[in-house]
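One letter stands for each residue in the lines below.
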Amino acid sequence: MTFHFKTGLLALALLGSTALGAVNAQAADKEISWIYCGDSIDPIHVKYIKQWEDKNPGWAVKPEVVGWEQCQDKATTLAAAGTPVAMAYVGSRTLKQFAENDLIVPIPMTDEEKKSYYPNIVDTVTSGGQQWGVPIAFSTKALYWNKDLFKKAGLDPEKPPTTWAEEIADAKAIKEKTGIPGYGLSAKTFDNTMHQFLHWVYTNNGKVIDGDKIVLDSPEVLAALQAYKDITPYSVEGPTAYEQNEVRAIFLDGKVGMIQAGSGAAYRLKETKINWGVAPLPLGPSAKGQGTLLITDSLAVFKGTGVEDKAIEFAKFITSPGPQGEYELQGGAGLTPLRPSPMVDEFEKKDPFWKPFIDGISYGGPEPLFKDYKGFQNVMIEMVQSVVTGKAQPADALKKAAADLEQYK
């Protein structure tokens, strides 16, 4: 697995050897190169980069803005070719794969640092008992419902579902009474199809992997997959055509009763005439409390640049409570705060819709870490699609997926 991963990427990297040489030539002993995902650098990060440089004479942080579609692949390609950047913004899901291939260095956290985060956040960057990244962005989900559609369906518009059974019943009532889909289920061949399903897994006390043991084929996860099958008839038609942002657009148009989405949807809904509400994700029969999938992106520090220690220092600074709090609490980006703080308390008072996104953290679970993350992701997507299209029964699909995951753990 390691040899295939590295050599495959090296071949890809050599196709752009001129560009790589240019990057390498520009590197300096006192420069921290940073692959920064997005369309532009956030002004808050610009502010704190300057502050760090002022306190560290002779050092410069050099962000390179790379689009979301390419940024992770670029960081991986450079590292595999032996010309790594010092630091890159990556999905935490990839950290185990980077670590297994000896491309990144550990970023140990003190007990005090770990305790500063909400519960379970540190688990998203931990593999083999070590932390491999510093969280920089975090998202959770909650349930949005269209109060007018609830009313038209004869439901109490002020009473969102609290259990899966209620959610399925409400979706059924909306579809049958109004002709409008009651729920927005997304099952496109896209990473968030797996994410959307994992929210159901973590609202029923389920797991995918425990240490190195695949535990997907369990009563808790089977119940989640069965609930997916049960709500499909009352969901958007042809869910394999939609990913979560496309389903969100349908909700913003008033054409679906309920969706699960991040906080960014609330800011968009404020600009519409929709009568909406937001509540914790409904719970399955085995739930022990409010849950959600905990998705983080992290700063990973790559091996072999000679500036690893300083890059770790900067990564911890830019994600420390002050800078991080300003960055994540701007609103509209769909980010959930990584840490509790008085700033978060004030934010929640100002916008009460924030509460469900934070309440789900306590019993939430991390994105499972696999050595081959894309292999894992594809298995999960195939499992969900096979059930919602009626090609497989939940128990059979789950058993097949659990066996298929063994090669990727």
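Residues numbered from 1 in each chain as written. Predicted model: local features only at pLDDT ≥ 70, side-chain atom pairs only at ≥ 80, totals over all residues. Heavy atoms only, no water.

### Quick look at the domain arrangement of the protein chain
- Under the domain assignment, the protein chain is made up of domain 1 (30-139 + 295-366) and domain 2 (142-293 + 367-406).
- Relative to domain 2, the C-alpha centre of domain 1 lies at a distance of 27 Å.
- Across the domain 1 to domain 2 interface the summed buried area is about 2,500 Å²; carbon plus sulfur atoms make up 60%.
- Scanning the region where domain 1 abuts domain 2 turns up four salt bridges.
- A salt bridge links Glu 367 to Arg 93; the shortest N-O distance between them is 3.0 Å.
- At the boundary of domain 1 and domain 2, one finds eight residue pairs in polar contact (both at pLDDT 80 or more).
- Mapped by element, the contributors of at least two residues to the side of domain 1 that touches domain 2 are α5 (95-100), β4 (126-127), α16 (355-359) and β13 (365-366).
- Residues of the side of domain 1 that touches domain 2, tallied by class, amount to 10 nonpolar, 12 polar and six charged. (Domains from an automatic or database assignment. Buried area = accessible area lost by both parts, 1.4 Å probe. Salt bridge = Lys/Arg side-chain N within 4 Å of Asp/Glu carboxyl O. Polar contact = N/O pair within 3.5 Å; in protein donor to acceptor, adjacent residues only side chain to side chain. Helix = DSSP H or I, 4+ residues; strand = E, 2+ residues; numbered from the N terminus. Nonpolar A, V, L, I, M, F, W, Y, C, P; charged D, E, K, R; others polar.)

### A closer look at the packing of aromatic side chains
- All chains considered together, the criterion is met by 20 aromatic pairs.
- Taken together, a centroid distance of 5.6 Å and an interplanar angle of 70° make the contact between Trp 34 and Phe 314 edge-to-face. You can see Trp 34 sitting in strand β1 (residues 31-37) and its partner Phe 314 sitting in helix α13 (residues 308-318), a full 280 residues away along the chain. The pair formed by Trp 34 and Phe 314 is uniform in burial state, with each residue classed as buried.
- Pairing Trp 68 with Tyr 89 gives two aromatic rings, centres 5.4 Å apart and planes at 80°, and the pair type is edge-to-face. Linking Trp 68 in helix α4 (residues 68-80) with Tyr 89 in strand β3 (residues 87-91), this pair joins segments that are 21 residues apart in sequence.
- Aromatic rings pair up to connect Tyr 144, Phe 251, Tyr 267, Trp 276, Phe 347, Phe 353, Trp 354 and Phe 357 into one cluster.
- Above the face of the Tyr 117 ring, Arg 339 is positioned so that its terminal group lies 4.4 Å from the ring centre. (Phe/Tyr/Trp six-rings, centres within 6.5 Å; stacked < 30°, edge-to-face > 60°. Buried < 20%, exposed > 50% of the residue type's maximum accessible area, 1.4 Å probe, protein only. Lys NZ or Arg CZ within 6 Å of the ring centre and 35° of its normal.)

### Section: the layout of surface pockets
- Empty space within the second largest pocket amounts to approximately 590 Å³.
- Taken together, 22 residues form the lining of the second largest pocket, with Asp 123, Lys 207, Ile 209, Gly 211 and Pro 366 sitting closest to its centre.
- Of all the secondary-structure elements, those providing two or more residues to the lining of the second largest pocket are β4, β8 (209-210) and β13.
- Grouping the constituent residues of the lining of the second largest pocket by class yields seven nonpolar, nine polar and six charged.
- Split by domain, the residues of the lining of the second largest pocket number at least three in each of domain 1 (30-139 + 295-366) and domain 2 (142-293 + 367-406). (1 Å grid on protein atoms, 1.4 Å probe; cavity = no way out; pocket = protein on both sides within 12 Å on 5 of 7 lines; lining within 4 Å. Points joined across faces, edges and corners; volume = space filled by probe spheres on them.)

### As for the sheet that holds strand β7 (residues 142-146)
- Spatially, the three strands line up as an open sheet ordered β10-β7-β11, and their pairing is antiparallel. The two strands at the open ends of the sheet, each matched to only one other strand, are β10 (258-261) and β11 (276-279). The average angle at which neighbouring strand axes cross in this sheet is 25°, direction not considered.
- In terms of strand pairing, β7 meets β10 through four bridges, oriented antiparallel. Its bridge partner being in β10, Leu 143 is matched across the sheet by Gln 260. (Pairing = 2+ DSSP bridges. Axes fitted to C-alpha atoms, helices over the stretch in contact; angles between N-to-C directions.)

### Here's the deal with the nonpolar core
- In terms of nonpolar packing, the biggest core is built from 79 residues, with Trp 34, Tyr 144, Phe 302 and Phe 314 touching the most fellow members.
- The element that contributes the greatest number of residues to this core is α13, accounting for six residues.
- Taken domain by domain, the makeup of this core includes at least three residues from each of domain 1 (30-139 + 295-366) and domain 2 (142-293 + 367-406).
- Excluding residues that lie within four positions of it along the chain, Trp 34 makes contacts with Ile 49, Val 61, Lys 62, Pro 63, Glu 64, Met 87, Ala 88, Tyr 89, Ile 136, Leu 299 and Phe 314.
- Membership of the second largest hydrophobic core comes to 52 residues, among which are Leu 155, Ala 171, Phe 370 and Ala 397. (Core = buried A, V, L, I, M, F, W, Y, C linked by side-chain atoms within 4.5 Å. Contact = heavy atoms within 4.5 Å.)

### Considerations on the pairing of β1
- Judged by how many residues are buried, β1 sits mostly within the fold: six of seven residues are covered.
- Sheet topology note: the β1/strand β2 (residues 60-66) ladder contains seven bridges and is parallel. Bridge pairing links Ser 33 to Lys 62 in β2.

### Thoughts on the state of the cysteines
- Under the counting rule described, the total for this entry stands at one disulfide.
- Put simply, Cys 37 and Cys 71 are joined by a disulfide, and their sulfur atoms are 2.0 Å apart. With the S-S dihedral at roughly 95°, the linkage between Cys 37 and Cys 71 falls on the right-handed side. One end of the pair, Cys 37, is in strand β1; the other, Cys 71, is in helix α4, with 34 residues separating them in the sequence. You'll find Cys 37 and Cys 71 in the same group, each marked buried. (Disulfide = S-S within 2.5 Å.)

### Things to note about the pattern of salt bridges
- Within this structure, the stated rule accounts for 21 salt bridges.
- A salt bridge links Lys 371 to Glu 100; its shortest N-O distance comes to 3.8 Å. Of the two residues, Lys 371 sits in the loop between β13 and α17 (373-388) while Glu 100 sits in helix α5, which places them 271 residues apart along the sequence.
- Residue Lys 371 is classed as partly exposed on the basis of its relative accessible area of 32%.
- Residue class for Glu 100 comes out partly exposed when judged on its relative accessible area of 38%.
- Lys 207 is the salt-bridge partner of Asp 210, the closest N and O atoms lying 3.7 Å from each other.
- Each of Glu 382, Lys 400 and Asp 404 takes part in a single network of salt bridges with overlapping partners.

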